[in-house]
Amino acid sequence: MALMQPFLSETSLSKTLLPFSSHNSITTTIKRRTKAVVSVKDLFGCNPTNLGLKRRLVLCSAVADVGEGVSVAESEEQESLEESIIEEEERGQGEAVEYDWREEWYPLYLTKNVPDDAPLGLTVFDRHLVLYKDGAGVFRCYEDKCLHRLAKLSEGQLVDGRLECLYHGWQFEGEGKCVKIPQLPAGAKIPRSACVKSYEVKESQGVIWVWMSEKKPGDPSKLPWFENFARPGFRDVSTTHELPYDHSILLENLMDPAHVPISHDRTDWTAKREDAQPLKFNVTERTARGFVGEWGREKDKTMPFVLRFDAPCVLQNNSEIVDKNGEKHYFSGLFLCRPAGQGKSMLIVRFGNTRRSPLVKVFPEWYFHQNASKVFEQDMGFLSSQNEVLLKEKLPTSKLYINLKSSDTWVAEYRKWMDKVGHGMPYHFGHSTISLPKQPAVVEHAPAGLPAGLSASMPAKGGIGTMHAPNLANRYFRHVIHCKECSSVVKAFQTWKNVFSAVALVSAAFAILMSGRQWKTLLLVSATLCLGGVYACSTAIAMNTTNFIRKHRRL
């Protein structure tokens with residue numbers, strides 16, 4: 001959510017990655033060891049197109065002894081570029097540590113949005129889960145599979161607080177015990193093999209977490225706790241979004257403040273592309289479970305923001321502000337990124353403050369939700385393509401990325417952390433290591449705008465010309481179905497739209513039949529006002545369900 005984001009920006013790469021100077025601009029000739037452009041094919045006997053992007057950059061500026069023809073300006077320019085790029089390896093960074101992705105807590109859902117009357121199908125990596133609230137109000141989580149005929153339990157229903165498979169009516173409760181099989185003869189016992197696998201879940205600070213290990217009980221010390229969210233007077237705006245790209249790409253994007261002024265220019269009152277500038281970073285802690293660091297704008301000479309990444313999917317961006325009265329206020333941007341399968345992720349966003357902004361009081365909550373959806377749609381096109389490129393290139397990021405110290409420090413830190421723990425994950429793209437997924441990514445093409453609308457309208461996607469088509473390129477399915485607030489708002493505006501339409505039609509009809517001028521005028525004014533209400537409701541519905549379209553796109 002760009003609104004309330006304290007993110008800044010970094011100068012554009014077009015200004016930083018300057019092309020090599022022309023040899024015709026020689027001002028002073030020197031003999032020294034420096035970098036010069038040479039033929040990659042001559043040196044390595046291969047074509048640069050067969051190498052990764054980063055390797056191509058390095059090879060095309062291979063080190064060579066140059067006697068004549070290199071200017072001081074050219075040499076300094078190349079040295080400046082070299083100094084601005086993050087080193088590929090740092091001492092102690094590449095050592096693997098013990099790690100098992102299953103012995104972790106993963107954020108499933110916002111507590112307030114778990115439906116009371118239906119099961120909820122969710123995924124963690126390639127594990128399919130079903131979450132529901134039983135008759136006693138206790139959250140239960142099972143493997144999303146009825147062992148009778150392998151039907152998804154998330155397609156079932158709740159009957160008397162029990163989860164019922166909608167295929168043959170088998171019912172489950174508690175820790176996955178099967179308690180009813182309608183087809184069994186009278187007196188027959190339900191076999192234990194009919195029970196489903198259960199996962200441990202806990203509710204903490206408004207979020208449902210699941211422990212994925214099948215062998216060890218949940219480790220309380222690993223359950224995240226966020227100090228700012230426990231402070232007196234702290235309030236937050238929370239949203240949930242399904243996104244069509246890998247959770248590691250999502251985390252990279254969220255820990256990249258440099259992109260905000262460019263990608264989200266004028267999305268709200270804070271992001272402006274002219275504010276793109278160099279940033280300063282300082283890593284203060286590295287552990288097997290992540291890293292912590294300070295950052296800020298280079299020109300300010302201060303680093304007021306603290307970023308913390310905790311395995312496997314928690315990212316915080318915090319700051320403290322002291323007002324003119326000396327009172328300290330706390331701000332927190334919290335991102336809970338659940339891997340929902342290769343090429344998919346689910347994000348819970350929580351922005352909060354101990355000092356509420358006047359804007360929060362003026363605008364309804366659904367306005368901030370649709371603004372957050374707009375922000376992710378602005379990123380979705382290039383992040384989806386980034387997911388595809390990583391899979392196609394099959395190289396670690398050090399061979400593909402050009403990471404700058406003034407903007408990409410956190411990105412490099414994250415990928416180096418993946419080098420340490422990637423062996424304990426289903427798949428990973430690290431800084432210098434890689435383990436490709438066994439299954440290809442399920443990528444929904446047409447990430448935003450008109451193509452997304454056309455894609456969502458195809459019969460194979462679940463509907464024709466309807467916002468209810470199940471497609472992650474569709475804002476309704478990415479956010480609205482996961483948010484009780486926005487679902488109820490869309491339904492309310494739809495109801496009012498129908499009421500206004502009916503009243504406008506009736507008023508217009510009576511205006512035609514009435515003979516008195518005053519009555520005609522009154523009824524026509526009433527019809528006009530109702531049509532205005534129809535337009536306002538349609539606009540509100542569109543704000544909640546229609547994808548953002550960049551004006552420069554050729555549609």
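Calculation rules
Residues numbered from 1 in each chain as written. Predicted model: local features only at pLDDT ≥ 70, side-chain atom pairs only at ≥ 80, totals over all residues. Heavy atoms only, no water. UniProt positions renumbered as here; feature names shortened; annotations may be inferred. Axes fitted to C-alpha atoms, helices over the stretch in contact; angles between N-to-C directions. Helix = DSSP H or I, 4+ residues; strand = E, 2+ residues; numbered from the N terminus. Parallel < 35°, antiparallel > 145°, perpendicular 65-115°, else oblique. Contact = heavy atoms within 4.5 Å. Nonpolar A, V, L, I, M, F, W, Y, C, P; charged D, E, K, R; others polar. Buried < 20%, exposed > 50% of the residue type's maximum accessible area, 1.4 Å probe, protein only. Pairing = 2+ DSSP bridges. 1 Å grid on protein atoms, 1.4 Å probe; cavity = no way out; pocket = protein on both sides within 12 Å on 5 of 7 lines; lining within 4 Å. Points joined across faces, edges and corners; volume = space filled by probe spheres on them. Expected span 1.5 Å × (residues − 1). Bend = angle between axes of the 7 residues up to and from the residue.

Under an unreviewed UniProt entry, the name given to the chain is Rieske domain-containing protein, and the organism recorded is Stephania cephalantha. One UniProt comment on the chain, placed under Subcellular location (unreviewed entry), says "Plastid, Chloroplast".

Caption draft 1: Examining the packing of helix α8 (residues 365-393) against helix α13 (residues 517-545) more closely. Relative orientation of the contacting elements α8 and α13 amounts to 45 degrees, with a least axis distance of 8 Å. Put simply, α8 runs oblique to α13. Within the contact between the two elements, α8 uses Trp 366, Tyr 367 and Gln 370 and α13 uses Ala 540, Met 543 and Asn 544. A breakdown of the residues in the contact of α8 with α13 according to their chemical character gives four nonpolar, two polar and no charged.

Caption draft 2: Layout of the environment of Val 97. With respect to the helices, strands and loops of the structure, Val 97 is situated in the loop between α4 (72-84) and β3 (105-110). Given a relative accessible area of 25%, Val 97 falls into the partly exposed group. Spatially, the C-alpha atom of Val 97 lies 9.7 Å from that of Arg 289, the residues being 192 residues apart in sequence. If near-sequence neighbours (up to four positions away) are discounted, Val 97 is found in contact with Ala 288, Lys 420, Val 421 and His 423.

Caption draft 3: Structural detail: the side chain of His 241. Secondary-structure assignment places His 241 in strand β13 (residues 235-243). Filtering out sequence-adjacent residues up to four positions away, His 241 remains in contact with Ser 345, Met 346, Leu 347, Val 349, His 369, Ala 372, Ser 373, Phe 376, Arg 478 and His 479.

Caption draft 4: Structural context of the sheet that holds strand β8 (residues 162-164). Strand order across the open sheet formed by four strands is β7-β8-β9-β10, with antiparallel pairing between neighbours. Taken across any chain shown, the strands that pair with only one partner, and hence form the sheet edges, are β7 (157-159) and β10 (177-180). Strand after strand, the sheet turns through a mean of 40 degrees between neighbouring axes, direction not considered.

Caption draft 5: Inspection of the sheet that holds strand β14 (residues 279-287) at higher detail. Reading across from one edge, β13-β19-β18-β17-β16-β15-β14 is the order of the seven strands in this open sheet, with antiparallel pairing throughout. The sheet is open, and its two borders are formed by β13 and β14, each paired with just one other strand. Across the sheet, the axes of successive neighbouring strands diverge by a mean angle of 15 degrees, strand direction being ignored. Here strand β18 (residues 328-339) pairs with strand β19 (residues 345-353) via nine bridges, running antiparallel. Bridging from a neighbouring strand, Pro 339 pairs with Ser 345 of β19. Across the sheet, α8 is in contact with β13 and β19; its angle to β13 comes to roughly 40 degrees. Of the strands in this sheet, β14, β15 (290-297) and β16 (305-310) touch helix α9 (residues 409-421), which is tilted by about 20 degrees from β14.

Caption draft 6: Empty space enclosed by the protein, seen in detail. Taken as a whole and judged by the stated rule, the model has three cavities of 30 Å³ or more. Its boundaries defined by the atoms lining it, the second largest cavity holds a volume of some 40 Å³. In this structure, the second largest cavity is lined by Phe 125, Asp 246, His 247, Ser 248, Met 418, Met 425, Tyr 427, His 428 and Phe 429. Where the lining of the second largest cavity is concerned, the elements lending two or more residues are α5 (247-254) and β20 (428-429). Tallied by class, residues from the lining of the second largest cavity come to five nonpolar, three polar and one charged.

Caption draft 7: Just α8, in detail. Spanning 29 residues, α8 covers 42 Å between terminal C-alpha atoms, matching the ideal 42 Å at 1.5 Å per step. Residue Met 380 marks the point of greatest curvature in α8, where the axis turns by about 45 degrees. At the C-terminal side of α8, Lys 394 shows a positive phi close to 55 degrees.

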